[in-house]
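A look at the structure
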Amino acid sequence: MSERTMVEALNLALEQEMEGDDAVIVLGEDVGVDGGVFRVTEGLLDAFGEQRVMDTPLAESVIVGASLGMAIRGLKPVAEIQFSGFSYFAFHQLESHVARMRWRSRGRFTAPLVVRMPYGAGVRALEHHSESREAYYAHTPGLKMVIPSGPRTARALLVSAIRDPDPVVFFEPKAIYRAFREEVPDEEETLPIGEPRRVREGDDLTFVAYGAMLHRALEAAETLAEEEGVEADVIDLCTVSPLADGPIQESAKRTGRVVLVHEAPRSFGPAAEIVARLVEKAFWWLEAPVARVAAPDVIVPYFAREQAYLPDAARIVAAARETLAVEA
Amino acid sequence: MPRETIDLPRSVEWLQVLDEEGALDEEWMPDLDDEELLAWHRAMLLSRRFDERLLELQRQGKIGTFAPVRGQEASQIGAVAALEEEDWVVPSFRETAAAVWRGIPLEGLLLYNAGYNEGGEVPEGKHDLPIAIPVASQIPHAVGIAYGAAYEGSDEVVMVFFGDGATSEGDFHESINFAGVFGCPVVFVCQNNQWAISLPREEQTKSKTLAQKGLSAGIPGIQVDGNDPFAVYVAAGEAVERARSGEGPTLIECVTYRLSLHTTADDPSKYRDEEEVEEWEAKDPLPRLQGFLQERDLLDDGAIEELEEEVSGEIEAAWEAASERMAELDDPAVMFDHVWAERPPELERQRETLAKEWSRRDEGAGGEGEE
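Residues numbered from 1 in each chain as written. Chains lettered and ligands numbered in written order. Predicted model: local features only at pLDDT ≥ 70, side-chain atom pairs only at ≥ 80, totals over all residues. Heavy atoms only, no water.

**As for the sheet that holds strand β7 (residues 221-225) of chain B**
Residue and element names in this part refer to chain B. In space, the 6 strands of this open sheet follow the order β1-β7-β8-β4-β3-β2, with parallel pairing throughout. What marks the edges here is a single partner per strand, and that holds for β1 (13-15) and β2 (88-90). Strand-to-strand twist of the sheet, defined as the mean angle between neighbouring strand axes without regard to direction, takes the value 20°. Of the pairings in the sheet, the one linking β1 to β7 comprises 3 bridges and is parallel in character. Looking at β7, one finds that L15 is bridged to V224. (Pairing = 2+ DSSP bridges. Helix = DSSP H or I, 4+ residues; strand = E, 2+ residues; numbered from the N terminus. Axes fitted to C-alpha atoms, helices over the stretch in contact; angles between N-to-C directions.)

**Regarding the sheet that holds strand β9 (residues 197-200) of chain A**
All names here are of chain A. Read across the sheet, 5 strands follow the order β9-β11-β10-β13-β14 without closing on themselves; strand pairing throughout is mixed. Two strands in the sheet have a free side with no partner beyond their single neighbour: β9 and β14 (291-295). Along the sheet, successive strands turn relative to each other by an average axial angle of 25°, direction set aside. Judged from the 5 bridges that link them, strand β10 (residues 205-209) and strand β11 (residues 232-236) form a sheet pairing that is parallel. Across the sheet, V208 pairs through a bridge with I235, a residue of β11. Contacts from helix α10 (residues 270-281) reach β10, β13 (258-265) and β14 within the one sheet, and its direction differs from that of β13 by about 150°. (Contact = heavy atoms within 4.5 Å.)

**Some points on a nonpolar patch on the surface**
Judged by side-chain polarity, V279(A), F283(A), W284(A) and W285(A) come together as a nonpolar surface patch covering roughly 510 Å² of accessible area. Structurally, V279(A) is set in helix α10. (Patch = residues over 30% accessible without salt bridge, like charges linked within 9 Å, V, L, I, M, F, W, Y side chains within 5 Å. Areas by Shrake-Rupley, 256 points an atom, 1.4 Å probe, with all protein chains shown as cover. Salt bridge = Lys/Arg side-chain N within 4 Å of Asp/Glu carboxyl O.)

**Examining the pattern of salt bridges**
Summed over the entire model, instances satisfying the criterion amount to 54 salt bridges over all chains. In this structure, the salt-bridge partner of R198(A) is D233(A), at a minimum N-O distance of 2.8 Å. With a gap of 35 residues between them, R198(A) in strand β9 and D233(A) in strand β11 connect regions that are remote in the sequence. Taken together, the shared-partner salt bridges connect D245(A), E273(A), R277(A), E280(A), K281(A), E346(B) and R349(B) into one network.

**A look at helix α3 (residues 60-72) of chain A**
Given a rise of 1.5 Å per residue, 13 residues ought to cover 18 Å, and the 19 Å separating the end C-alpha atoms of α3(A) matches this to within 8%. Taken across its 13 residues, α3(A) has 13 buried, putting it largely inside the fold. (Expected span 1.5 Å × (residues − 1). Buried < 20%, exposed > 50% of the residue type's maximum accessible area, 1.4 Å probe, protein only.)

**Here we look at the pairing of strand β5 (residues 114-119) of chain A**
With 6 of 6 residues buried, β5(A) lies mostly within the body of the structure. Neither face of β5(A) is exposed, since V114(A), R116(A) and P118(A) on one face and V115(A), M117(A) and Y119(A) on the opposite face are all buried.

**Description of the environment of S130(A)**
Residue and element names in this part refer to chain A. As for its position among the elements, S130 is in the loop between β5 and α6 (134-138). Sequence spacing of S130 and R178 is 48 residues, and the spatial spacing of their C-alpha atoms is 16 Å. The contacts of S130, once residues within four sequence positions are left out, are G120, A121, A125, K174, E263, V300 and E306.

**Examining the side chain of D51(B)**
All names here are of chain B. With respect to the element layout, D51 can be found in helix α1 (residues 34-59). In this structure, D51 is buried with no salt-bridge partner, the nearest side chain bearing the opposite charge being R70 at 5.8 Å. Among the polar contacts listed, one links the side chain of D51 to the backbone nitrogen of V69, at a separation of 3.0 Å. When near neighbours in sequence (up to four residues on either side) are disregarded, D51 contacts F66, P68, V69 and R70. (Lys, Arg positive; Asp, Glu negative; His and termini not counted. Polar contact = N/O pair within 3.5 Å; in protein donor to acceptor, adjacent residues only side chain to side chain.)

**Observations regarding empty space enclosed by the protein**
Residues and elements named next belong to chain A. This model, assessed by the stated rule, comprises 4 cavities of 30 Å³ or more. Every residue lining the largest cavity is listed: A125, L126, E127, H128, S130, E131, V300, P301, Y302, F303 and E306. Of the residues belonging to the lining of the largest cavity, the class tally is 6 nonpolar, 2 polar and 3 charged. (1 Å grid on protein atoms, 1.4 Å probe; cavity = no way out; pocket = protein on both sides within 12 Å on 5 of 7 lines; lining within 4 Å. Points joined across faces, edges and corners; volume = space filled by probe spheres on them. Nonpolar A, V, L, I, M, F, W, Y, C, P; charged D, E, K, R; others polar.)

Have a look at this one:
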């Protein structure tokens, strides 16, 4: 075991998967000599050579489109899009082909590839470097949309994503790329895609969050425990799509009160789908309206105001208190 | 010197071997035996008649919208004839003649055009991708397959088809550039059929040729008479050889003409003159190849008539088989297959819910909501 940041943990996952399987290759802008602008691919070029670590031209569509071709030909490409804000050049490839090749060819050609991209606000970046648009990808049948919340889950989920038979869009919450370290075992570790994790146990209230927001939800849960003796169940979604609602339902039925947290815009965000599932499947167990703490439906403001834009622990605590105040 | 002409590395060649008058340039005539020549002719005739039958079926409402290939058969057959079976073909949506040559079953093409996903199944072992509809979007896939093949040390070559309109799309430029940088074994075949629906070639781009766009990516480009199967074959053969020997990609512009509709939903009389079509009818690749074969005594009117009957029988048998298969394909739940490798629980729930609804309607029970 050693303590690693998320960047180091992702790097470990890539290194070990490339070591274990010659079909795994990495491609993207500045991923080779530079080691990626966030250094996630650092050292891979030296270890595996330029055939397996491709510094590509600046062209997102062909990075993703060629990855699909490589996957059809038997490789397991891991493409990096430098920032999720630039992934829309490749959106067409993801929506029109990557997500559909298995379906179109009736299983003859498949797309076992991963498209990694840093996303989310909180690092005082320029425009287009802070969005949280997971809903675009979650809304596309055929894709899997995965978001880790810390170094250990990042490593384990990336390994699973690389081995997955289907295409995975892998969002990396860059605000916590280096924010803290966690024990990440040297030996192989995977986490199943499509399974949320329960990361804190409580019977009074349910929080569902993912990515960097998970930590704000956990902070809110601690505040509530300290100040009011309220114990929150906290669920880390891990996989936004396909959404597995089983553990969320189970928790909601136990606590009757649910607060959903994400930094994506409020309307049509993943929380909206979770609310719908709860209404369909756990309505009679709910003791209060399900609350959403999300970013407002605006473009992410320039960084001087980004912390005001992002949900924080205080907003989550306030939403929880309102939910708890509803008489059953 | 502050200002001087830069020597660019390549120029663009034009190649024609068999012209519309039947004149042959022996110097460039490829070495093809009689059997090969007759096989080309058969494939060209079969795809022409199949295309006509598709149009008829569409007008009768038996199949849906499709994109006729009429006029472009030489561009396609001349190109794929230069490939080995294990090489890859990445089509767009008008590559019926290429599909016929590659042995894609007509039954599947009919099923596809009749709106059944099962028609998109590519037979096991065939290295041909399914039809791709958004213009130019399939070009990056060819580049990736080519990279993958080279990476694994195989000598497979990839050939990708697209039209003149595609050369305005980003995916075309990104792909030729990417393939150039990594030396991918891919042959880019642009069928310049003069029209991107209603936009004529000269308004698509002010480039004198489309072949010269290869030069911008540092890859060779050549322009050929796309209605001359021999010119296409020579250019494709050289490009395949270059790709196979590790010398990287080539762009081939086949100058041809869409004699028919963009798709069956299109009305070309809105944007082009019948005179222009007539001019190109005179350059039609099918009579051109037939004339050549007759000149060489490889084919006579009797043999053509016999062949006509044979291909028409093949087409009818395929339509019968497709019709029988369609009658069996009545389960709409097929739409839930192959979305992911495994069906997630929520999708399974949706499938079960809809399946119940469908069977309720089939049984006519309940009656509510019935139309």
